[in-house]
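A closer look at the structure
The chain contents come next:
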Amino acid sequence: MNTHDVIVIGAGVTGLTAAWRLAEAGQEVVVLEARDRVGGRLRTDVTDQAGAPASFEIGGQWVSPDQDALISLLAELGLPTYPRHRDGDSLYVGRDRAARRFAEDLPVSPSTRAAIAELTKKLDELAAAMDPARPWELADARHLDSISLRTWLEEQCDDAEARDNIALYLGPAMLTKPAHAFSALQAVQMAASAGSFSNLLDADVILDRRVVGGLQSVPIELARRLGDRVRLGQDVTHVAWTEEGVVVHVGDDAYAARRLVVAVPPTVVRRIRFTPELPAEQRIAREHQSFGLVVKVQAMYPTPFWRADGLDGTAFGPYELVHEAYDNTPEGESRGVLVGFVSDVNADAVGALDAEERRERILDALATYFGEQARHPIAYVESDWQHQELTGGAYGTSFDLGGLTRWGHVLRQPVGPIEFGSSDVAGLGFQHVDGAVRVGTEIAAGLGARATA
Ligand code: FDA
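Rules of the game
Residues numbered from 1 in each chain as written. Predicted model: local features only at pLDDT ≥ 70, side-chain atom pairs only at ≥ 80, totals over all residues. Heavy atoms only, no water. Helix = DSSP H or I, 4+ residues; strand = E, 2+ residues; numbered from the N terminus. Contact = heavy atoms within 4.5 Å. Near = heavy atom within 4 Å. Polar contact = N/O pair within 3.5 Å; in protein donor to acceptor, adjacent residues only side chain to side chain. Areas by Shrake-Rupley, 256 points an atom, 1.4 Å probe, with all protein chains shown as cover. UniProt positions renumbered as here; feature names shortened; annotations may be inferred. Buried < 20%, exposed > 50% of the residue type's maximum accessible area, 1.4 Å probe, protein only. Arc of directions from axis to C-beta.

As recorded in an unreviewed UniProt entry, the protein goes by NAD(P)/FAD-dependent oxidoreductase and comes from Nocardioides daeguensis.

Put into structure tokens, the structure is as follows:
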């Protein structure tokens with residue numbers, strides 16, 4: 001059995017970033033990945049459904065300007081980016097179900113607009129006061145963690161459409177859970193992790209750029225640099241550990257190391273048996289984490305027909321099955337692509353339909369925004385991560401009510417020689433690739449520091 005300095009479980013961006021930084025520091029590293037590919041929640045697929053090959057982002061894809069850890073990694077790896085198409089008017093569908101165009105101000109009543117601005121200001125103030133890596137330290141943390149975002153919004157504002165719009169940005173669009181299912185503190189952490197709540201509201205910030213060739217290029221390039229230190233098809237089922245080191249079991253094979261990095265989502269840590277067992281608090285903390293649910297849908301058309309109508313492809317509505325949609329046409333592609341998202345309880349509803357009916361319902365929903373042409377794509381791709389055992393949902397995991405103040409501090413705590421991390425436990429960049437880069441970098445720095453101490 002080969003003995004390494006560090007074993008990393010998981011070849012997502014967190015694990016590969018940690019491994020690459022450790023390898024650069026001269027440590028003997030091996031990365032064990034259960035799937036037959038690297039990237040975890042990043043996957044760029046090519047299909048020829050539309051007659052000629054077309055590339056689709058099945059997982060994460062956007063980069064925002066404040067995500068400086070990811071942006072500097074992209075520069076280091078030599079991976080160029082391009083901006084999302086954004087010329088033209090956007091569309092909003094409110095309570096009357098009519099699609100309205102707008103350029104600047106949301107087409108709602110002046111009082112609803114004022115109420116949205118007021119709620120945005122309050123959330124920005126709370127986010128500015130919070131360290132997203134330590135949300136439990138916010139002055140009013142215990143109270144905010146004991147009530148749902150929905151309850152908090154009801155306490156602050158009596159305009160239902162304003163509340164539903166704010167809930168949309170933090171619930172379906174970000175944590176991908178209904179606003180009654182996570183705490184106001186968890187919502188503020190989401191905002192603080194993106195710099196501010198205003199940033200989450202602004203598609204030109206949060207969905208700014210894409211990577212040429214797809215965001216999976218990041219883990220692919222990291223893995224290329226790591227070479228045969230990355231082993232695919234290695235589903236780790238058992239870890240035996242002492243204070244001195246670990247033995248990691250994959251089927252009949254075993255790997256030994258002084259340190260272990262478990263770079264998988266908190267909910268997926270449970271698939272691994274530890275001997276001796278992890279402290280009870282570690283298990284309980286992760287039992288109070290769950291993935292949100294979202295179905296990402298992409299429809300390709302012979303042309304980006306909405307552009308000819310003066311539309312930018314951005315559309316949203318708090319009461320719609322597809323609560324948000326964007327122009328997702330890759331750079332240099334003459335055919336047009338729309339991406340839409342079906343989240344939380346709506347994801348449950350479409351999940352219960354057969355494939356044909358689901359496609360029809362989702363295309364109907366796109367047609368509410370973009371008209372009849374949206375019903376007739378030449379290619380149609382759904383990605384739903386809840387059925388994948390090694391992930392279990394999208395985009396990431398979050399706590400149930402009260403969990404963040406009770407157990408938030410546990411998820412990053414090492415146990416003996418074992419470190420835990422993924423984008424789900426990031427402060428800045430929480431649930432985003434930027435957070436994965438940060439967590440991987442921090443873990444590697446900690447191990448490097450300890451190794452040379
Ligand atoms: P990740 O889950 O990617 O990696 C964990 C790895 O561990 C996986 O490869 C898994 O197979 C492996 N593994 C698990 N258990 C194992 C075991 N026992 N043994 C061996 N290997 C094991 N982010 C963003 O910044 N911009 C965006 O636009 C989006 N959009 C988006 C859309 C969709 C549909 C999804 C699913 C996600 C996003 N995200 C996103 C989120 C982003 O993709 C996510 O935060 C990071 O990719 C997570 O990277 P990690 O490495 O932390 O975990």
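Resuming the write-up.
To continue, consider the environment of Ala 374. Position of Ala 374 among the secondary structure elements: in the loop between helix H15 (355-370) and strand S20 (379-384). Sequence separation between Ala 374 and Phe 305 is 69 residues; the distance between their C-alpha atoms is 8.9 Å. In contact with Ala 374, not counting residues within four places along its chain, are Tyr 301, Phe 305, Leu 363, Leu 366 and Ala 367.

Here we take up the site of the ligand. If you check the shell around the ligand, you find 37 residues, and the closest are Thr 14, Glu 33, Arg 41, Ser 423 and Val 433. Within the backbone of Gly 40, a nitrogen or oxygen atom sits 3.5 Å from an oxygen atom of the ligand. In the complex, 98% of the free accessible area of the ligand, which totals 1,000 Å², lies under the protein chains. Contributions of two or more residues to the shell around the ligand are made by helix H1 (13-24) and helix H17 (433-452).

Time to look at the UniProt feature "domain: Amine oxidase" (unreviewed entry) in the protein. The positions UniProt marks with the feature "domain: Amine oxidase" (unreviewed entry) are residues 14-445. Helix makes up 37% of residues 14-445 and strand 22%, with an end-to-end C-alpha separation of 13 Å.

Once that is clear, we can look at helix H2 (residues 68-77). The set of residues buried in H2 consists of Ala 69, Leu 70, Leu 73, Leu 74 and Leu 77. Summarising the axial view, the buried residues of H2 lie within an arc of 135°, below the 170-degree limit, and thus occupy one face. After H2 finishes, the residue Gly 78 shows a positive phi value of roughly 70°.

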